[in-house]
Amino acid sequence: MSKSGLFAHFGSKEDLQLLTLKQAQTLFFEQVFSPALKQARGLPRLRALFSNWLAWIERNDDLAGGSLMLAASVEYDDRPGAVRELLVAGQRELRGAIAKAIRLAIGEGHLDPGTDPWQLTFELFGIVLATHHDFRLLGDARALGRAGDALDRLLETHRAAAPSA
């Protein structure tokens, strides 16, 4: 099928991009987030989410550009329009869900009550971005293991104090 025929099928290049991104977001939810929700609240769920996310990065290694949402985020971060709006909405929803998982971990007594869920979300996302960068761009197979080590250290700094006897 020609490029013009493909766009004609979808109505426009932007419609094709939007449908592709929506499908990528759906797959991410199904493969990363949804399975994590089956884990117990608190750190088991947060760790499962992170583990699934690293597996997503590894699974997408053979795709040109790797994670479509991360690649599109870089391409559209300063370009106004519907594609950017969809990306922003998806990233805000994802970050909100991560912050909620962190609040649940605080509520379960796994993390210190003084933990700022939004700051920890920011730091977790930073680990994911660094992992994607090192794994994809630098071809460093150690990036996934390093990400797990970084998560362990980060969570340890926020671990709830053991109850006094």
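Source: prediction; values computed, not measured.

Colleague: Sorry if this is basic, but what is going on with the overall build of the chain here?
Modeller: Secondary structure summary: the chain contains seven helices and zero strands in total. Listing the helices and strands of the chain from first to last along the sequence gives α-α-α-α-α-α-α. As displayed, the chain offers around 9700 Å² of accessible surface, 56% of which is attributable to carbon and sulfur atoms.

Colleague: Can you walk me through empty space enclosed by the protein in this structure?
Modeller: Once rolled over the atoms, a probe with the size of a water molecule shows which space is left empty. Here the structure, examined in full by the defined rule, presents one cavity of 30 Å³ or more. Around the largest cavity, the lining residues are L46, L49, F50, W53, I98 and L124. No other element matches the four residues that helix α3 (residues 43-59) contributes to the lining of the largest cavity.

Colleague: Could you clarify how one ought to interpret helix α2 (residues 13-36) in this entry?
Modeller: Structurally, the α-helix is built with 3.6 residues per turn, so residues lying three or four positions apart point the same way. With 24 residues, α2 should reach 34 Å at 1.5 Å per residue; the first-to-last C-alpha distance of 34 Å fits that figure. Where α2 bends most, the angle comes to about 35°, and this point is F29. Turning to α2, its buried residues number three or more, namely L16, L18, L21, A24, F28, V32, F33 and A36.

Colleague: What am I meant to see in the nonpolar core here?
Modeller: Nonpolar side chains in soluble globular proteins tend to end up buried together. With 35 residues, the main nonpolar core has F50, W53, I98, I102, L111 and L124 as its most contacted residues. Mapped onto this core, the elements with two or more residues apiece are α2, α3, α4 (68-76), α5 (82-107), α6 (117-137) and α7 (143-157). Counting residues per element, this core draws most heavily on α3, which supplies nine residues. Once residues lying within four places of it in the same chain are set aside, the contact partners of I98 are F33, L49, W53, T121 and L124.

Colleague: Sorry if this is basic, but what is going on with the packing of α2 against α5 here?
Modeller: The relative placement of two packed helices comes down to the angle between their axes together with the axis-to-axis distance. Where α2 meets α5, the axes come as close as 9 Å, and the angle between the chain directions of the two elements is 15°. Taken together, the axis directions place α2 and α5 in an arrangement best described as roughly parallel. Regarding α2 and α5, the two cross each other, and that crossing is right-handed. Contacts between α2 and α5 pair E14, Q17, L18, L21, K22, Q25, F28 and F33 from the former with A82, V83, L86, L87, G90, L94, A97 and I98 from the latter. Looking at side-chain class alone, the contact of α2 with α5 contains eleven nonpolar, three polar and two charged residues.

Colleague: I keep staring at the pattern of salt bridges and nothing clicks. Help me out?
Modeller: For the coordinates displayed, the defined rule picks out five salt bridges. The salt bridge involving R142 is made with D140; its shortest N-O contact spans 3.0 Å. Judged by its relative accessible area of 54%, R142 is exposed. Judged by relative accessible area, D140 falls into the buried class, the value being 15%. Of the charged contacts in the structure, one is a salt bridge between R146 and D140, with a shortest N-O distance of 4.0 Å.

Colleague: Looking at this model, I keep getting lost on the confidence of the model for the chain. Mind explaining?
Modeller: Detail in the predicted coordinates should be disregarded across regions flagged by low pLDDT. Taken residue by residue, the chain gives an average pLDDT of 88. The fraction at 70 or more is 88%. Mean pLDDT across the elements of the chain bottoms out in helix α1 (residues 3-10) (60) and peaks in α7 (97).

Colleague: What is the right way to read the layout of surface pockets from this model?
Modeller: In this structure, the largest pocket occupies an estimated 330 Å³ of space. As for the largest pocket, its lining consists of 16 residues, and the residues nearest its centre are Q25, F28, F29, G90 and L94. Elements supplying a minimum of two residues to the lining of the largest pocket: α2, α3, α4 and α5. Of the residues contributing to the lining of the largest pocket, the split by class is ten nonpolar, five polar and one charged.

The rules we used
- Residues numbered from 1 in each chain as written.
- Predicted model: local features only at pLDDT ≥ 70, side-chain atom pairs only at ≥ 80, totals over all residues.
- Heavy atoms only, no water.
- Helix = DSSP H or I, 4+ residues; strand = E, 2+ residues; numbered from the N terminus.
- Areas by Shrake-Rupley, 256 points an atom, 1.4 Å probe, with all protein chains shown as cover.
- 1 Å grid on protein atoms, 1.4 Å probe; cavity = no way out; pocket = protein on both sides within 12 Å on 5 of 7 lines; lining within 4 Å.
- Points joined across faces, edges and corners; volume = space filled by probe spheres on them.
- Expected span 1.5 Å × (residues − 1).
- Bend = angle between axes of the 7 residues up to and from the residue.
- Buried < 20%, exposed > 50% of the residue type's maximum accessible area, 1.4 Å probe, protein only.
- Core = buried A, V, L, I, M, F, W, Y, C linked by side-chain atoms within 4.5 Å.
- Contact = heavy atoms within 4.5 Å.
- Axes fitted to C-alpha atoms, helices over the stretch in contact; angles between N-to-C directions.
- Parallel < 35°, antiparallel > 145°, perpendicular 65-115°, else oblique.
- Left-handed = near helix turned anticlockwise from the far one by under 90°.
- Nonpolar A, V, L, I, M, F, W, Y, C, P; charged D, E, K, R; others polar.
- Salt bridge = Lys/Arg side-chain N within 4 Å of Asp/Glu carboxyl O.
- pLDDT = per-residue confidence, 0-100.

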